[in-house]
Amino acid sequence: MRAIFVQIKCEMGEAYRVAREAADSIPEMSELFSTSGQYDLLGKFYLEANQDIGLFVTEKIQTLAGVKDTHTMITFNAFGGGTPRAGA
């Protein structure tokens with residue numbers, strides 16, 4: 001499994017409805033936060049290693065009613081929670 005983060009910009013007044021729909025319809029979603037700034041929501045999604053990220057974002061997230069734009073961040077490594085530190 002690999003984690004990706006997707007920032008979601010919603011139509012005015014739609015962020016909470018989009019968040020509810022995402023929580024109900026996207027099993028790959030781990031967490032979804034409301035945020036300030038350019039985007040309204042930040043989602044953490046866990047995908048299978050062979051799952052196409054672009055297809056996932058365009059078919060599962062961008063098609064939610066009220067979604068205006070997305071910005072996807074692909075992750076490489078997770079640190080913390082018992083992960084050894086460099087030089088330790």
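Refer to the structure above for everything that follows.
Residues numbered from 1 in each chain as written. Predicted model: local features only at pLDDT ≥ 70, side-chain atom pairs only at ≥ 80, totals over all residues. Heavy atoms only, no water.

Draft legend 1. Region of the structure containing the packing of aromatic side chains. In this structure the tally under the stated criterion is 1 aromatic pair. On the basis of an interplanar angle of 65 degrees and a centroid distance of 5.5 Å, the ring pair of Phe 45 and Phe 56 is categorised as edge-to-face. With Phe 45 in strand S3 (residues 41-47) and Phe 56 in helix H2 (residues 53-61), the pair connects residues that are 11 residues apart, well separated along the chain. Accessibility expressed as a relative area gives 3% for Phe 56, which makes it buried. Across from the ring centre of Tyr 39, 5.3 Å away, lies the NZ or CZ of Lys 9, which sits over that ring. (Phe/Tyr/Trp six-rings, centres within 6.5 Å; stacked < 30°, edge-to-face > 60°. Helix = DSSP H or I, 4+ residues; strand = E, 2+ residues; numbered from the N terminus. Buried < 20%, exposed > 50% of the residue type's maximum accessible area, 1.4 Å probe, protein only. Lys NZ or Arg CZ within 6 Å of the ring centre and 35° of its normal.)

Draft legend 2. Examining the environment of Ala 22 more closely. One can find Ala 22 in helix H1 (residues 15-25). Residues Ala 22 and Ala 65, 43 residues apart in the sequence, show an inter-C-alpha distance of 9.9 Å. When neighbours within four sequence positions are excluded, Ala 22 is seen to be in contact with Met 29, Leu 32 and Leu 64. (Contact = heavy atoms within 4.5 Å.)

Draft legend 3. Structural view of H1. Those residues of H1 that sit buried are Ala 15, Val 18 and Ala 22. Around the axis of H1, the buried residues are gathered within 65 degrees of arc, so they sit on the same side. Among the exposed residues of H1, those pointing more than 90 degrees away from its buried face are Tyr 16, Arg 20 and Asp 24. On its buried face, H1 is in contact with strand S1 (2-10), strand S2 (29-34), S3 and strand S4 (67-74). (Arc of directions from axis to C-beta.)

Draft legend 4. Molecular detail of the nonpolar core. Residues Ile 4, Val 6, Ile 8, Ile 26, Phe 45, Phe 56 and Ile 61 are the most contacted members of the largest nonpolar core, which totals 18 residues. Of all the secondary structure elements, the ones that give two or more residues to this core are S1, H1, S3 and H2. If we skip the residues at most four places from it in the chain, Ile 8 touches Leu 32, Tyr 39, Asp 40, Leu 41, Ile 61, Val 67, Asp 69 and Thr 70. (Core = buried A, V, L, I, M, F, W, Y, C linked by side-chain atoms within 4.5 Å.)

Draft legend 5. Molecular detail of the pattern of salt bridges. Tallying each qualifying case throughout the model produces 3 salt bridges. A salt bridge links Glu 14 to Arg 17; the shortest N-O distance between them is 2.6 Å. A residue is classified by how much of its surface remains accessible, and Glu 14, at 25% relative accessible area, is partly exposed. Note that Glu 21 and Arg 17 form a salt bridge whose closest N and O atoms lie 3.1 Å from each other. One end of the pair, Glu 21, and the other, Arg 17, are both in helix H1, 4 residues apart, so they sit about a helical turn from each other. With relative accessibility at 29%, the residue Glu 21 sits in the partly exposed group. (Salt bridge = Lys/Arg side-chain N within 4 Å of Asp/Glu carboxyl O.)

Worth remembering: the numbers are spatial, not functional.
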